[in-house]
Amino acid sequence: MSAENPESASAEEQKEMEDKVISPEKVEEAKLKARYPHLGQKPGGSDFLRKRLQKGQKYFDSGDYNMAKAKMKNKQLPTAAPDKTEVTGDHIPTPQDLPQRKPSLVASKLAG
Amino acid sequence: GFGSLMQDVLWCFSQVKGTIDVGVTEADVISTVEFNHTGELLATGDKGGRVVIFQREQESKNQPHRRGEYNVYSTFQSHEPEFDYLKSLEIEEKINKIRWLPQQNAAYFLLSTNDKTVKLWKVSERDKRPEGYNLKDEDGRLRDPSMITMLRVPVLRPMDLMVEATPRRVFANAHTYHINSISVNSDYETYMSADDLRINLWNFEITNQSFNIVDIKPANMEELTEVITAAEFHPHHCNTFVYSSSKGTIRLCDMRTSALCDRHAKFFEEPEDPSNRSFFSEIISSISDVKFSHSGRFIMTRDYLTVKVWDLNMENRPIETYQVHDYLRSKLCSLYENDCIFDKFECVWNGSDSVIMTGSYNNFFRMFDRNTKRDVTLEASRENSKPRAILKPRKVCVGGKRRKDEISVDSLDFSKKILHTAWHPSENIIAVAATNNLYIFQDKVN
């Protein structure tokens, strides 16, 4: 069925059905919570959204930078992982770390 | 033809663009597809910031079955990767959206945008060049004026057709967050660009200013609960636009009521059964695309599992809901883990607003006929790529016995996602982007 139809069962029958059947979504939710017990309570809220808004953020700010520097004083400088976009402030950016992305000078293969 | 019913339409393979690569280069992934207003041109944008425009060839009486194939017309580098050193922000060159302007003279104009910058491109043909200048020779070198003894009038001589794309306007530095939508207004003088939290209105002639018309950024970012996911102008009423949110709601705004349209004129939301609520509810209700019908009477929204059609006059629920791939409901846990649950699928209307189309996984795409309520699942694959081969409907087997032609849910390839599709404005011709390949399908002639 492509278009949803209104429930034809009476309200009573419906409640009975719901009591017996757990929605597949809830089953999946239980699975997820079993694997990640510390998962936040507000899933659609700030955590996701902030991650979305931070896309592309490589390094945080100078405060973060200085704190990381202080932490790193006794440790070896970690090498930059160019693909780790979510973690900020954990390593110290050096000129070599900053992306040297060149634009693609190759023509699109669609035009070939 | 125009407005044909689903059972009369047999879709056939027409063309495929792109290469068969074992490993796909990231830059080649197609990120947007759009026909222009006549359907003569078809534009694609990719992750590498490049735009390729195809043009439909004139139909020839000698080869009626070839029904106007699309060939490369122009290609250019629209956006390049940038690094904002002040904000430590990597700016991708990926083209998020392309929108065409209606044609007003011989040249074609389109808007292309990445996360931060919108550009207006002019695509024009040159088939003549001036020859016989007085002050420079044919190679362009300046001639010594003292050596010139006679004057001549330069003339235009034919040359091989050259198609040039030039950036005419660059609309930059107006978005703190990532641009998800652009939409040309029906006044053809303005357009809007929308990011996660704000929508700006631009005049095509002015690049150093834009009006902010929607701002949903909370004073305290800790209180952020929803973001803007898509926005579009009404096709005829230049004062009206809609924007969708990550919470599954749509707001319709009227720019005549106030300069800042933070207060909506209409608010579309389907009531949710609280007993059905799960961890995934909000994520899968996030709207990834919103499109006005050509008539302007309806809007269509796409969320993770469904496509919905809303009547502008009814805010409390959609008038139609179509299940795209409901069998994924029992896979949400793994789809969350591999991030597929955040995939943003688009949706499109056909020219007569009678059929809607959207993509799915395994290179499947779905069409729903609003009148007959029939639906079909088709596949974009190289195996079905013989010229004019009729596409066979596909079926996903949910459980129990799998028939010979069916594919089981567990065998679906989630890396083959069809996020972007386009429908010719008046004919049954569709363009389907399958990762780095562009498929063009047409309905069967005769």
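Below you will find a few notes about this structure. (Residues numbered from 1 in each chain as written. Chains lettered and ligands numbered in written order. Predicted model: local features only at pLDDT ≥ 70, side-chain atom pairs only at ≥ 80, totals over all residues. Heavy atoms only, no water.)

Topic: the overall build of chain A
Here is step 1: Across its full length, chain A carries four helices and zero strands.
Here is step 2: Within chain A, the fraction of its 112 residues that count as buried is 25%.
Here is step 3: Of the contacts made within chain A by residues no fewer than 6 positions apart, 55% connect residues no fewer than 24 positions apart.
Here is step 4: Of the roughly 8400 Å² of accessible surface on chain A, 56% is carried by carbon and sulfur atoms. (Helix = DSSP H or I, 4+ residues; strand = E, 2+ residues; numbered from the N terminus. Buried < 20%, exposed > 50% of the residue type's maximum accessible area, 1.4 Å probe, protein only. Contact = heavy atoms within 4.5 Å. Areas by Shrake-Rupley, 256 points an atom, 1.4 Å probe, with all protein chains shown as cover.)

A few points about the interface of chain B and chain A
Here is step 1: Listed as interface residues are 69 residues of chain B and, on the opposing side, 41 residues of chain A.
Here is step 2: Here chain B packs against chain A, burying approximately 4700 Å² in sum over the two surfaces, 55% of which is carbon and sulfur.
Here is step 3: A per-residue breakdown of the area chain B buries against chain A is headed by Glu90, Phe279 and Cys333 of chain B, which together make up 14% of the total.
Here is step 4: Scanning the region where chain B abuts chain A turns up six salt bridges.
Here is step 5: In this assembly, chain B and chain A are joined by 14 residue pairs in polar contact (both at pLDDT 80 or more). (Buried area = accessible area lost by both parts, 1.4 Å probe. Salt bridge = Lys/Arg side-chain N within 4 Å of Asp/Glu carboxyl O. Polar contact = N/O pair within 3.5 Å; in protein donor to acceptor, adjacent residues only side chain to side chain.)

Some words on the sheet that holds strand E13 (residues 190–194) of chain B
Residues and elements named next belong to chain B.
Here is step 1: With respect to topology, four strands assemble into an open sheet ordered E12-E13-E14-E15, the strand pairing being antiparallel. Each edge of the open sheet carries a strand with a single partner, namely strand E12 (181–184) and strand E15 (211–215). Here the strands of the sheet are splayed against their neighbours by 20 degrees on average, with no regard to which way each runs.
Here is step 2: In the sheet, strand E14 (residues 198–203) pairs with E15 via four bridges, with the strands oriented antiparallel. The residue of E15 that forms the bridge with asparagine 200 is asparagine 212. (Pairing = 2+ DSSP bridges. Axes fitted to C-alpha atoms, helices over the stretch in contact; angles between N-to-C directions.)

Details of the state of the cysteines
Residue and element names in this part refer to chain B.
Here is step 1: If you walk through the whole model with that rule in mind, you get zero disulfides over all chains.
Here is step 2: Cysteine cysteine 261 remains unbridged, with the sulfur of cysteine 253 as its closest cysteine sulfur at 5.3 Å.
Here is step 3: Residue class for cysteine 261 comes out buried when judged on its relative accessible area of 2%.
Here is step 4: Free cysteine: cysteine 333, not disulfide-bonded; nearest cysteine sulfur from cysteine 340 at 13 Å.
Here is step 5: Overall, cysteine 333 belongs to the buried group, its relative accessible area being 1%. (Disulfide = S-S within 2.5 Å.)

Things to note about the pairing of E14 of chain B
Here is step 1: Within E14 of chain B, five of the six residues are buried, which leaves it mostly tucked inside the rest of the structure.
Here is step 2: Connecting E13 of chain B to the antiparallel partner E14 of chain B that follows it, the hairpin turn spans three residues.

A word on the packing of aromatic side chains
Aromatic rings in a pair are described by how distant their centres are and how their planes are angled relative to each other.
All names here are of chain B.
Here is step 1: Using the criterion set out here, one finds 23 aromatic pairs over all chains in the structure.
Here is step 2: Look at phenylalanine 83 and tyrosine 85: their rings are 5.0 Å apart centre to centre, the planes differ by 65 degrees, and that puts the pair in the edge-to-face class.
Here is step 3: Ring pairs connect the aromatic residues Phe13, Phe365, Tyr439 and Phe441, which therefore count as one cluster.
Here is step 4: Directly above the ring of tyrosine 133 sits lysine 136, whose terminal nitrogen or CZ lies 4.6 Å from the centroid.
Here is step 5: We note arginine 370 situated over the ring of phenylalanine 298; from NZ or CZ to the ring centre the distance is 4.8 Å. (Phe/Tyr/Trp six-rings, centres within 6.5 Å; stacked < 30°, edge-to-face > 60°. Lys NZ or Arg CZ within 6 Å of the ring centre and 35° of its normal.)

A short note on unusual backbone geometry
Residues and elements named next belong to chain B.
Here is step 1: Of note in this structure, aspartate 339 is not a glycine but carries a positive phi near 70 degrees.
Here is step 2: By secondary structure assignment, the location of aspartate 339 is in the loop between helix H2 (332–337) and strand E24 (347–349).
Here is step 3: For aspartate 339, a relative accessible area of 41% translates into the label partly exposed.
Here is step 4: The phi torsion at asparagine 362 lies on the positive side, around 60 degrees, for a residue other than glycine.
Here is step 5: Looking at the element boundaries, asparagine 362 is found in the loop between strand E25 (355–359) and strand E26 (364–369).
Here is step 6: Residue classification places asparagine 362 among the buried residues on the basis of a relative accessible area of 8%.

Points about the sheet that holds strand E31 (residues 429–434) of chain B
Residue and element names in this part refer to chain B.
Here is step 1: Overall, antiparallel pairing links the four strands, which are arranged E1-E32-E31-E30 in an open sheet. Strands at the two margins of the open sheet, each flanked by one partner only, are strand E1 (11–17) and strand E30 (420–423). Each strand of the sheet is rotated relative to its neighbour by a mean of 20 degrees, with strand direction disregarded.
Here is step 2: In terms of strand pairing, E1 meets strand E32 (residues 437–443) through six bridges, oriented antiparallel. The residue of E32 that forms the bridge with cysteine 12 is glutamine 442.

Concerning the side chain of aspartate 369 of chain B
Residues and elements named next belong to chain B.
Here is step 1: Tracing the backbone shows aspartate 369 in strand E26.
Here is step 2: There is no salt bridge for the buried aspartate 369, and the closest opposite charge comes from arginine 374, which lies 7.2 Å off by N-O distance.
Here is step 3: Among the polar contacts made by the side chain of aspartate 369, one reaches the main-chain amide nitrogen of asparagine 371 at a distance of 2.8 Å.
Here is step 4: Separated by 3.1 Å, the side chain of aspartate 369 and the backbone nitrogen of threonine 372 make a polar contact. (Lys, Arg positive; Asp, Glu negative; His and termini not counted.)

Looking at the pattern of salt bridges
Here is step 1: Counted by the stated rule, this structure contains 37 salt bridges over all chains.
Here is step 2: With a shortest N-O distance of 2.4 Å, glutamate 337 of chain B and arginine 35 of chain A are connected by a salt bridge. You can see glutamate 337 of chain B sitting in helix H2 and its partner arginine 35 of chain A sitting in helix H2 (residues 24–35), one on each of two chains.
Here is step 3: You can call glutamate 337 of chain B partly exposed: its relative accessible area is 32%.

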